[in-house]
Amino acid sequence: MTLQKKATIISSSTATLLIVIKLFIGILSGSVAVLASAIDSVLDLIVSAFNYFAITKAEQPANKKFNYGKGKIEALAAVIEGTVITVSGLFIFYSAIKKAIYHEPLEHLENSIIVMIVSLVLTI
């Protein structure tokens, strides 16, 4: 197994763990930041799965149909990942504005902060 595939599997595992933790605390606390981060982790998992597929395809040798191989699929994966990040950012922005306008209260703020710190440590 190549180093890129190992990195993708580790990334997927980390994203899965973070999804479970963030969704639980995000729903419990009502924190937009934690819920948005959970959604971002879901998107990270989807992107990691797509990257694994892209890496697998890109490693295939050239053939009659693809004379130069399938390496360009990695560029396509980068475009998709950028799109996912943009959509995620727009959703976070929308949710934050909505919370600010309607003055929705936060509950369990301490748990939300702890989850975000744990998320930061795991991501690093």
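Since the model is a prediction, treat every value here as computed from it, not as a measurement. (Residues numbered from 1 in each chain as written. Predicted model: local features only at pLDDT ≥ 70, side-chain atom pairs only at ≥ 80, totals over all residues. Heavy atoms only, no water.)

1. Some words on the environment of leucine 120
- Here leucine 120 lies in helix α4 (residues 109–123).
- The exposure class assigned to leucine 120 is exposed, which follows from its relative accessible area of 52%.
- Each C-alpha atom of the pair leucine 120 and leucine 18 lies 9.9 Å from the other, and the pair is 102 residues apart in sequence. (Helix = DSSP H or I, 4+ residues; strand = E, 2+ residues; numbered from the N terminus. Buried < 20%, exposed > 50% of the residue type's maximum accessible area, 1.4 Å probe, protein only.)

2. A closer look at the packing of aromatic side chains
- Applying the stated criterion to the full structure yields one aromatic pair.
- When the centroid spacing of 6.1 Å and the interplanar angle of 45° are considered together, the rings of phenylalanine 50 and phenylalanine 53 count as tilted. Within this pair, phenylalanine 50 and its partner phenylalanine 53 are both found in helix α2 (residues 32–58), separated by three residues, close to a single helical turn.
- Residue classification places phenylalanine 50 among the partly exposed positions, given a relative accessible area of 24%. (Phe/Tyr/Trp six-rings, centres within 6.5 Å; stacked < 30°, edge-to-face > 60°.)

3. Let's talk about the side chain of asparagine 51
- Within the secondary structure, asparagine 51 is located in helix α2.
- Using a relative accessible area of 19% as the deciding quantity, one classes asparagine 51 as buried.
- Once you skip the residues sitting within four places of it in the chain, asparagine 51 turns out to touch Ala77 and Glu81. (Contact = heavy atoms within 4.5 Å.)

4. Thoughts on the side chain of lysine 5
- You can see lysine 5 is positioned in helix α1 (residues 3–29).
- Sequence-distant contacts of lysine 5, that is, excluding residues within four places in its chain, are made with Tyr52, Ile55, Thr56 and Glu59.

5. Things to note about the packing of α2 against helix α3 (residues 73–102)
- Here α2 crosses α3 at 175°, and the two axes come no closer than 10 Å. Judged on the interaxial angle alone, α3 and α2 are roughly antiparallel.
- Class assignment of the residues belonging to the contact of α2 with α3 gives a composition of 17 nonpolar, three polar and five charged. (Axes fitted to C-alpha atoms, helices over the stretch in contact; angles between N-to-C directions. Parallel < 35°, antiparallel > 145°, perpendicular 65-115°, else oblique. Nonpolar A, V, L, I, M, F, W, Y, C, P; charged D, E, K, R; others polar.)

6. Re α1
- Over its 27 residues, α1 extends 38 Å from the first C-alpha to the last, a length consistent with the 39 Å expected when each residue adds 1.5 Å.
- Taken as a whole, α1 has its buried residues at Lys5, Thr8, Ser12, Ala15, Leu18, Ile19, Lys22, Ile25, Gly26 and Ser29.
- Looking at the buried residues of α1, the elements they touch are α2 and α4.
- Glycine 30 sits one or two residues past α1 and shows a positive phi near 75°. (Expected span 1.5 Å × (residues − 1).)

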